[in-house]
Each structure stands twice: as C-alpha cells, then as structure tokens.
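# Reading the structure
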Amino acid sequence: MGSETAMRKGIKILGKVLSAAVLLLIILPLALSLLLDIPAVQNYVVQKAVRMASKKLETTVSIDRVDIGLFSRVKIKGFYVEDYQRDTLLYVGRLDAFVTGLGIFGGGLSLSRGEIADAKLYLRETPGGEMNIKQVVDKLSKKDKARAEGKFRLEIERLETDGLDFCMERLEHRNPSYGVDFADMHLIDIRAELKNFTIDGPVIHTDIGRLAMRERSGFVVEDLAGCLCIANGCIDIREGHIRTAKSNIELPSLSLIGLDWALYKNFVEEGDITAQVV
C-alpha cells in the first residue's frame, strides 16, 4: 500500500515537472520574441554584436539604431566601418530590408527587398600599396582555409539605392586636363534599381534596371542598364546601354578581362577588352 502511494506521488511529481517543462518551452520563446521586439533590447543586442565585430576587425564598427519589425523587416541607421588609416570605409545612413533567409544551415543571407539611402563607400590605396577594403576583408577571412565553413553568400531580389557616393583613390593621381581621373574618381548621387543582386564568394552578378550618377568632373550618366557579372579580375556586361546628355551607346557585350584585380593598375598592357558596341 505504501509503495503504491509513493508511486502515485512520484508520478504526480513527474507530471508536474513535465508540465512545467512544456510550459517553459512555450513561454520562453514567446518571452524572448517579445523582448526582442522592444527597441531598447534590440539595440542592446546589436551594440554587443558591434563591439564583437570591432574587436575581430581591430577597427571601429558602429550602428546608431536598429529596428526589427513585423514580417522580418529590418531598419538600420548610421552603420559605419572605419579603415585602418582611421578614415571612412563605409557609411550607410539608412538601410531597410526584408529578410527571407538567414542561412543558419547554409545558403547565406537572403532578402526579398533592400533599400539603401545616403551611403558612402570610399576605397583608397594605402601607403603599403593595397586597397583599404582588402585590409578589412583579410581580417574576415579564415586563417585555416581547410576549416573554412564556406563562401559568403548574399541574395537580394530587388535592391534600390538613393544618394550613394563612391570614391576610388590611388596614391598617384593622373590629373587629366579634362574628363574623369580614374586614379581619383568620385561618383556622386548614385541612384540604382537592381534585380537578383547576388554576392557568391568572389563573384558578383546582378541585372541593372536603371543606374544614374555623376562624376565630380561634370560627366553625367543619365541611364545605364544591363546584366553585370564581376569575378576574379573580370567584368562582363551583356545587353547593356549607356545614355548621357550627348550620347546613346548600346552594348550587346563588353568584357574586361584581367587575371587579377591588381593588374588593373596597368590594364592597358596586362588586360584584354572584348566588346560589341552600337
């Protein structure tokens, strides 16, 4: 009789423990999702991640504000990355994106739509002769290639930019009497509509629906479109066109072929150009 009572008590206690465990499994994810929906909690988590990124890269990385909303919508304001010469490498004033996949089990990051506004990307040659972005990317790469988990992959179905500035500066400027100085190029107010934008390791490809910009020399591109692929020192454009105030160029195909990006410093002797121009 005593053993039966003890067994009933044991079963009752076990039932309570299992009930509590099931309840925790339901409540904890709900509580966590509610906490992460609070802007203060979101920004606390982001700032912790930013400090880890700064430590890994050994440079300054910062974000002013993050807002994670319904339907996997993410808003980021004031994203900043500094190069090792303590100058701006990347700044994004505002980024809105809808996340469709995080690639936890492979596949990379996927977005259905992304919008970037008031952004700046400044690529500069360092006193050591390499580009500042290469220094940062090298910090991200694995020391042991054999243990690397895989290539970085990003997919965006539709990407729009508004007010993007791009600068590429070499140590030695060419200072032409007119036109673009490609050793000190500054593209201003880039507005673009891109589809199927993909970064797959060293390969970038996208369909450019519309791209307009002006260079500080006064040269203006009113509209540029086409299918673009960039990979391992090669740039390929298919079914493209470029329209300026005084010209309209059709590009059934254009290929710039170099064995390495470093060869573009002396592309005339080291690279090949193949094109069909109308």
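Residues numbered from 1 in each chain as written. Predicted model: local features only at pLDDT ≥ 70, side-chain atom pairs only at ≥ 80, totals over all residues. Heavy atoms only, no water.

## A closer look at the overall build of the chain
Where we set the bar: Put simply, DSSP marks the helices as runs of H or I at least four residues long and the strands as runs of E at least two long, and each gets a number from the N terminus on. Buried means the residue's accessible area, taken with a 1.4 Å probe over protein chains only, is under 20% of the maximum for its type, while exposed means over 50%, and partly exposed covers the values in between. Residue contacts are defined here by distance: any two heavy atoms, one from each residue, within 4.5 Å place the two residues in contact. Using the Shrake-Rupley algorithm and a 1.4 Å probe, accessible areas are obtained, with residue cover drawn only from the displayed protein chains.
The secondary structure content of the chain amounts to four helices and twelve strands. In the chain, which comprises 278 residues, the share counted as buried stands at 30%. Summarising the internal contacts of the chain: among those between residues at least 6 apart in sequence, 45% fall at separations of at least 24. Accessible area of the chain: about 18400 Å², with a carbon and sulfur share of 62%.

## Observations regarding the environment of Cys229
Mapped onto the fold, Cys229 is located in strand S9 (residues 223-231). Once the C-alpha coordinates of Cys229 and Ile204 are considered, the two residues, 25 residues apart in sequence, prove to be 5.7 Å apart.

## Focus on unusual backbone geometry
Here Asn175, not a glycine, exhibits a phi torsion of approximately 50 degrees, which is positive. Tracing the backbone through its elements, the reader meets Asn175 in the loop between strand S5 (153-169) and strand S6 (184-200). Judged by relative accessible area, which is 59%, Asn175 ranks as exposed. A positive phi angle is found at Asp189, which is not glycine, with a value near 55 degrees. Among the secondary structure elements, Asp189 is positioned in strand S6.

## Describing the pattern of salt bridges
Just so we agree on the cut-off: Salt bridge, as applied in this entry: a Lys or Arg side-chain nitrogen positioned within 4 Å of an Asp or Glu carboxyl oxygen.
Scanning all chains against the criterion turns up 13 salt bridges. We note a salt bridge from Arg94 to Asp96, for which the minimum N-O separation is 3.1 Å. Residue classification places Arg94 among the partly exposed positions, given a relative accessible area of 31%. Within the structure, one salt-bridge network assembled from shared partners comprises Arg73, Arg94 and Asp96.

## Focus: the pairing of strand S2 (residues 73-82)
Selection criterion: The pairing criterion for strands is at least two bridges between them, as found by DSSP.
By the bridge criterion, seven bridges tie strand S1 (residues 61-68) to S2 in an arrangement that is antiparallel. Looking at the pairing, Val61 lines up with Val81 of S2. Looking at chain direction, S2 and strand S3 (residues 88-101) are connected through nine bridges and run antiparallel. Counterpart to Ile76 in the pairing with S3 is Leu95.

## Points about the pairing of strand S10 (residues 234-243)
Across eight bridges, S9 lies against S10 in antiparallel orientation. Residue pairing for S10: Cys229 is matched across the bridge by Asp236. The hairpin turn running from S9 into S10, its antiparallel successor, is two residues long, and Asn232 in that turn takes a positive phi close to 50 degrees. Summarising the sheet, S10 and strand S11 (residues 248-257) pair through nine bridges and their orientation is antiparallel.

## What about the nonpolar core?
Defined as follows: For this analysis, a nonpolar core means a set of buried residues of the types Ala, Val, Leu, Ile, Met, Phe, Trp, Tyr and Cys, connected via side-chain atoms within 4.5 Å.
Among the nonpolar cores identified, the biggest contains 37 residues, and Phe197 and Leu211 are the most heavily contacted of them. Top contributing element to this core by residue count: S6, with seven residues. With residues up to four places along the chain from it excluded, the contact list for Phe197 reads Leu154, Glu155, Ile156, Leu159, Ile204, His205 and Thr206.

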